[in-house]
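Here are the chains, one letter per residue:
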Amino acid sequence: MSTVSAVISRQAVKHNFARIQSLAPNSKIIAILKANAYGHGLLEMAKTLPDCDAIGVARLEEALALRAGGIVKPILLLEGFFNPSDIPILVTNNLQTVVHSLEQVEQLEQASHLQGQLTVWLKIDTGMNRLGINVQQFELVTSRLQQIDLVAKPLNYMTHFACADELNNPFTSEQAQQFYQLVDGLGGELTLANSAGILAWPETQADWIRPGLLLYGCSPIIDRIGSDDGFIAAMTLSSSVIAVKKLSAGDKVGYGSSWIAAQDTTLAVIAIGYGDGYPRHAKDGTPVLINSKRYPIVGRVSMDMITVDLGPDNVSVQCGDKAIMWGQDLPVEEIAKYADTICYELILQLTSRVKIKFID
Ligand SMILES: *Cc1c(COP(=O)(O)O)cnc(C)c1O
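Because the structure is a prediction, the values reported are computed rather than measured. (Residues numbered from 1 in each chain as written. Predicted model: local features only at pLDDT ≥ 70, side-chain atom pairs only at ≥ 80, totals over all residues. Heavy atoms only, no water.)

## Some remarks on the packing of aromatic side chains
Overall, the coordinates contain 6 aromatic pairs when judged by the stated rule. Joined through ring pairs, the aromatic side chains of Tyr38, Tyr216 and Tyr344 make up one cluster. (Phe/Tyr/Trp six-rings, centres within 6.5 Å; stacked < 30°, edge-to-face > 60°.)

In structure tokens, the structure reads:
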């Protein structure tokens, strides 16, 4: 038996997938399963989503793990290949690749003796200034790619948004407009939208959408949670209460004695800490759910434990009770705010000490 567990509801993930389909009924879906499916289990999530049209990952190792696990669907490397020696591996394993730089184009030209067809998504930088070729390079890059036999034709086109989670920021529309203008009439498939794009900017859904976070039931939109838009949190992170004790007014709690009881109260110690991936920066007041009631963290998060204030009149919480750190009844989006981070980071930074369990 492991102390800390992350229970993943396959049914919630299936529900979220269906919800995405209903939001973008005319788009095919690249399910984004990078970073161990945002901490939810790469292969398990691939098997939970038999209806997705393709899978997106960030690393060749992730793609090969899916192939080794028997997944035969199209897989797209979102950042493409990093070394020329990866190219034959892509061809052999039927992996699709993003091309975002002239260096990659050169490497493909040098690999043009390889037999086979490589599906390419040309990534265009429309203002994020991370990966992608810029508008000035577009003509040159497309004409060179057209001449490589190994590269399947027509080319497909992609861009990525910088601010799609900000509902009042016009930059997403500007990026989309620039992209649509550039690729107008070229044929090939188009993809722009991540989760925030799918939700907030439906005009960006195009041929393919690329949902990550929404599959897991969390919201990418500032100040919203997944359930606001009909999604269900797939992960429930829990541990147990390992001590309950009385404190007197003035007693100090934890490292640095940073919290001081203002009144006589009762404290619960819960077996979870930053050694499990619970954020060390979770502030005093971060809620924890015990027997369906919220209690605030008091004192610093330690490696293996946190401490919560049960209040002066506690009768209900006892040693051995289950404590929930986040899940359907305690949104991880809310915990992320208390920890000055985003829910993406929380769900995927759990350590190997946490047992992942799957339920239907
Ligand atoms: C990670 C990623 C996504 C998914 O983003 P979400 O916000 O989780 O939906 C989509 N596209 C690319 C290129 C990515 O790297």
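## Looking at the packing of helix α6 (residues 102-110) against helix α7 (residues 138-146)
Where α6 meets α7, the closest approach of the two axes is 10 Å, and the angle between their N-to-C directions is 15 degrees. It follows that α6 is roughly parallel to α7 by the angle criterion. Considering how the two elements wind past one another, α6 and α7 form a crossing that is left-handed. Facing Leu102, Val105, Glu106, Leu108 and Glu109 of α6, the residues of α7 in contact are Leu140, Val141, Arg144 and Leu145. The class makeup of the residues in the contact of α6 with α7 is 6 nonpolar, no polar and 3 charged. (Axes fitted to C-alpha atoms, helices over the stretch in contact; angles between N-to-C directions. Helix = DSSP H or I, 4+ residues; strand = E, 2+ residues; numbered from the N terminus. Parallel < 35°, antiparallel > 145°, perpendicular 65-115°, else oblique. Left-handed = near helix turned anticlockwise from the far one by under 90°. Contact = heavy atoms within 4.5 Å. Nonpolar A, V, L, I, M, F, W, Y, C, P; charged D, E, K, R; others polar.)

## Some remarks on helix α8 (residues 171-183)
Over its 13 residues, α8 extends 19 Å from the first C-alpha to the last, a length consistent with the 18 Å expected when each residue adds 1.5 Å. Turning to α8, its buried residues are Thr172, Gln175, Ala176, Phe179 and Val183. Taken end-on, α8 shows its buried residues confined to a sector of 95 degrees, consistent with a single buried face. Exposed positions of α8 whose direction lies more than 90 degrees from the buried face are Gln177 and Gln181. On its buried side, α8 packs onto α7, β7 (156-158) and β8 (190-191). Positive backbone phi, approximately 80 degrees, marks Gly185, located one or two places after α8. (Expected span 1.5 Å × (residues − 1). Buried < 20%, exposed > 50% of the residue type's maximum accessible area, 1.4 Å probe, protein only. Arc of directions from axis to C-beta.)

## What to know about the site of the ligand
Inspection of the region around the ligand gives 13 residues, with Lys34, Tyr38, Ser195, Leu213 and Tyr344 positioned closest. Residue Tyr38 places a side-chain N or O atom 2.5 Å away from an oxygen atom belonging to the ligand. At a separation of 2.8 Å, a nitrogen atom of the ligand approaches a polar side-chain atom of Arg210. Relative to its unbound accessible area of 390 Å², the ligand is 94% covered by the protein chains. Split into classes, the residues belonging to the shell around the ligand amount to 7 nonpolar, 4 polar and 2 charged. (Near = heavy atom within 4 Å. Polar contact = N/O pair within 3.5 Å; in protein donor to acceptor, adjacent residues only side chain to side chain. Areas by Shrake-Rupley, 256 points an atom, 1.4 Å probe, with all protein chains shown as cover.)

## Notes on the pattern of salt bridges
Enumeration over the complete set of coordinates arrives at 11 salt bridges. Note that Arg59 is salt-bridged to Glu79, the shortest N-O span being 3.0 Å. Residue Arg59 is located in the loop between β3 (54-57) and α4 (60-68), and its partner Glu79 is located in the loop between β4 (75-77) and α5 (87-92); the two are separated by 20 residues in the primary sequence. When its relative accessible area of 23% is taken as the criterion, Glu79 is described as partly exposed. Across the salt bridge formed by Asp229 and Arg224, the nearest N and O atoms sit 3.1 Å from each other. On the basis of relative accessible area, Asp229 is assigned to the buried category, the value being 18%. Here Arg224 falls in the partly exposed class, since its relative accessible area comes to 31%. Connected through salt bridges with shared partners, the residues Arg10, Glu44 and Asp360 form a single ionic network. (Salt bridge = Lys/Arg side-chain N within 4 Å of Asp/Glu carboxyl O.)

## Details of the environment of Leu199
With respect to the helices and strands, Leu199 occurs in helix α9 (residues 195-200). Sequence spacing of Leu199 and Tyr295 is 96 residues, and the spatial spacing of their C-alpha atoms is 32 Å. Beyond its immediate stretch of four places on either side in the chain, Leu199 contacts Leu23, Leu214, Ser219, Pro220, Ile221, Asp229 and Phe231.

## Points about the environment of Ile32
Checked against the element boundaries, Ile32 lands in strand β2 (residues 28-32). Between the alpha carbons of Ile32 and Glu203 there is a distance of 20 Å; along the sequence they are 171 residues apart.

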